[in-house]
Amino acid sequence: MNYLKRIRLARSIVEDFDTYPFCLPLIRSLSTVEFDSSVTFFVGANGAGKSTLLEAIAVALGFNAEGGSRNFHFTTRASHSHLHAYLDIARGTRKPRTGYFLRAESFFNVATEVDQLGSDIIAGAYGGRSLHEQSHGESFLTLMVERFTSNGLYLLDEPEAALSPTSQLAALARIHNLVSQGSQFLIATHSPILMAYPGATIYACERTGISRVAYQDTEHYRTTRDFLQAPEQFLRELLNADSPGV
Ligand SMILES: Nc1ncnc2c1ncn2[C@@H]1O[C@H](COP(=O)(O)OP(=O)(O)O)[C@@H](O)[C@H]1O
Ligand SMILES: [Mg+2]
């Protein structure tokens, strides 16, 4: 049973579909998105609007736009989009006990904020070491293992940015562990490893809108598979096509 069941863009109150974020093809065509699995992935091209959408969902749920738990209120940049104000949120009957919004882009600022919470909280919920004293990947995994707990709602934007393939597998195992303890995840990702999570819903974010896609049909899976099956041939075709004179 999910904490977040559905979002809907209240299209009738959007004043102007020609300004950001409503002008993005993804948002222009957005109506309803259902969350019927414990893990939902948003995948799609760079610039499609995945971060814009995930951030709006996070803010609508009460998270800080730049990341952290619902108790974080810091800001380091001017503004986030107003999309959150136009989203109707359908919640489940259970409330999450905890939650976190994490974006790779602003992880540094979240770590700084955690430092300011003081050593007691770092010792209790963050593994006892400043996140700044760990590598990006180490601190990301520390957060997932120490701070993410059961019955939580977690929104992650490109968590793979910090993680080696082996660490991505460790993250998958931790996600599985937390899902079995009643947690829900929404994850924007380009990682063909993360999006392989069994039973997940994968939403392809495209100019034409958001639609469900099977893992094996994602561009990420297909391109990675084709590349790894024959890297030399793949590169020969790619590079020759780009520079026919060579
Ligand atoms: N504050 C902003 N004002 C105007 N355009 C923005 C703003 N933030 C992002 N964009 C644009 O919106 C598009 C979608 O961005 P984003 O949601 O970050 O995409 P994704 O996460 O899918 O790569 C990009 O083309 C980006 O340049
Ligand atoms: Mg993004």
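No experiment lies behind these values; they were computed from the predicted model shown.

Novice: Help me understand the sheet that holds strand β2 (residues 32-34), please; the structure alone is not making it clear to me.
Specialist: Hydrogen bonds between backbone atoms are what pair the strands of a sheet, whose relative direction is either parallel or antiparallel. On the basis of which strands lie adjacent, the open sheet formed by three strands has the order β2-β1-β4 and antiparallel pairing. Each end of this open sheet is capped by a strand with a single partner; those strands are β2 and β4 (87-91). Strand after strand, the sheet turns through a mean of 15 degrees between neighbouring axes, direction not considered. Direction of pairing for strand β1 (residues 4-9) relative to β4: antiparallel, over a ladder of five bridges. Paired with isoleucine 7 across the two strands is isoleucine 89, which belongs to β4. Sheet strands touched by helix α2 (residues 50-60): β1 and β4. Its angle to β4, the strand with the most contacts, is close to 65 degrees.

Novice: What is the right way to read the layout of surface pockets from this model?
Specialist: Space left empty within the atom packing is revealed by a probe, the size of a water molecule, rolled over the atoms. Roughly 170 Å³ of internal volume is contained in the largest pocket. What lines the largest pocket is a set of 13 residues, and nearest its centre among them are Val43, Gly44, Ala204, Glu206 and Glu219. Of all the secondary structure elements, the ones that give two or more residues to the lining of the largest pocket are β8 (201-206), β9 (209-212) and α7 (219-229). Of all the elements, β8 adds the most residues to the lining of the largest pocket, at three residues. Residue composition of the lining of the largest pocket, grouped by class: five nonpolar, four polar and four charged.

Novice: Can you help me understand unusual backbone geometry in this one?
Specialist: Glycine aside, a negative phi is what most residues show, and trans is what most peptide bonds show. Residues tyrosine 20 and proline 21 are joined by a peptide bond in cis, for which omega reads 0 degrees. Secondary-structure assignment places proline 21 in the loop between β1 and α1 (25-28). The backbone of asparagine 151 sits at a positive phi, close to 55 degrees, despite the residue not being glycine. By secondary structure assignment, the location of asparagine 151 is in the loop between α5 (136-147) and β6 (152-157). Positive phi values are uncommon outside glycine, yet glutamate 158 reaches one of about 50 degrees. Within the secondary structure, glutamate 158 sits in the loop between β6 and α6 (165-180).

Novice: What am I meant to see in the site of ligand 1 here?
Specialist: Around ligand 1 lies a shell formed by Tyr20, Leu24, Ala45, Asn46, Gly47, Ala48, Gly49, Lys50, Ser51 and Thr52. A distance of 3.1 Å is found between a nitrogen atom of ligand 1 and a side-chain nitrogen or oxygen belonging to tyrosine 20. Take lysine 50: an N or O atom from its side chain is 2.8 Å from an oxygen atom of ligand 1. In the complex, 55% of the free accessible area of ligand 1, which totals 570 Å², lies under the protein chains. Considered class by class, the residues forming the shell around ligand 1 number four nonpolar, five polar and one charged.

Novice: Please clarify how the sheet that holds β9 should be interpreted in this entry.
Specialist: Taking strand neighbours across the sheet as the criterion, the six strands line up as β5-β6-β7-β3-β8-β9 in an open arrangement whose pairing is mixed. One side of each edge strand has no neighbouring strand; the edge strands of this open sheet are β5 (98-103) and β9. Neighbour-to-neighbour, the strand axes of this sheet turn through a mean angle of 15 degrees, independent of strand direction. Relative to strand β7 (residues 184-188), strand β3 (residues 39-43) runs parallel, the two sharing four bridges. From the neighbouring strand, valine 39 faces β7, where its bridge partner is phenylalanine 185. α6 contacts β3 and β7 of the sheet and is inclined by roughly 145 degrees relative to β7.

Novice: What exactly am I supposed to notice about the packing of α5 against α6 here?
Specialist: Between two packed helices, both the angle of their axes relative to each other and the distance between the axes serve to describe the pair. Between α5 and α6, the least distance of the axes is 10 Å, while the angle of their chain directions is 15 degrees. Here α5 lies roughly parallel to α6, going by the angle between them. Of the two possible hands of crossing, α5 and α6 adopt the one that is left-handed. Across the interface between the two elements, Leu141, Met144 and Val145 of α5 pack against Ser167, Ala170, Ala171, Arg174, Ile175 and Leu178 of α6. Along the lines of polarity and charge, the residues of the contact of α5 with α6 split into seven nonpolar, one polar and one charged.

Procedures and definitions
- Residues numbered from 1 in each chain as written.
- Chains lettered and ligands numbered in written order.
- Predicted model: local features only at pLDDT ≥ 70, side-chain atom pairs only at ≥ 80, totals over all residues.
- Heavy atoms only, no water.
- Pairing = 2+ DSSP bridges.
- Helix = DSSP H or I, 4+ residues; strand = E, 2+ residues; numbered from the N terminus.
- Axes fitted to C-alpha atoms, helices over the stretch in contact; angles between N-to-C directions.
- Contact = heavy atoms within 4.5 Å.
- 1 Å grid on protein atoms, 1.4 Å probe; cavity = no way out; pocket = protein on both sides within 12 Å on 5 of 7 lines; lining within 4 Å.
- Points joined across faces, edges and corners; volume = space filled by probe spheres on them.
- Nonpolar A, V, L, I, M, F, W, Y, C, P; charged D, E, K, R; others polar.
- Near = heavy atom within 4 Å.
- Polar contact = N/O pair within 3.5 Å; in protein donor to acceptor, adjacent residues only side chain to side chain.
- Areas by Shrake-Rupley, 256 points an atom, 1.4 Å probe, with all protein chains shown as cover.
- Parallel < 35°, antiparallel > 145°, perpendicular 65-115°, else oblique.
- Left-handed = near helix turned anticlockwise from the far one by under 90°.

Remember that the coordinates give geometry; whether it matters functionally is a separate question.
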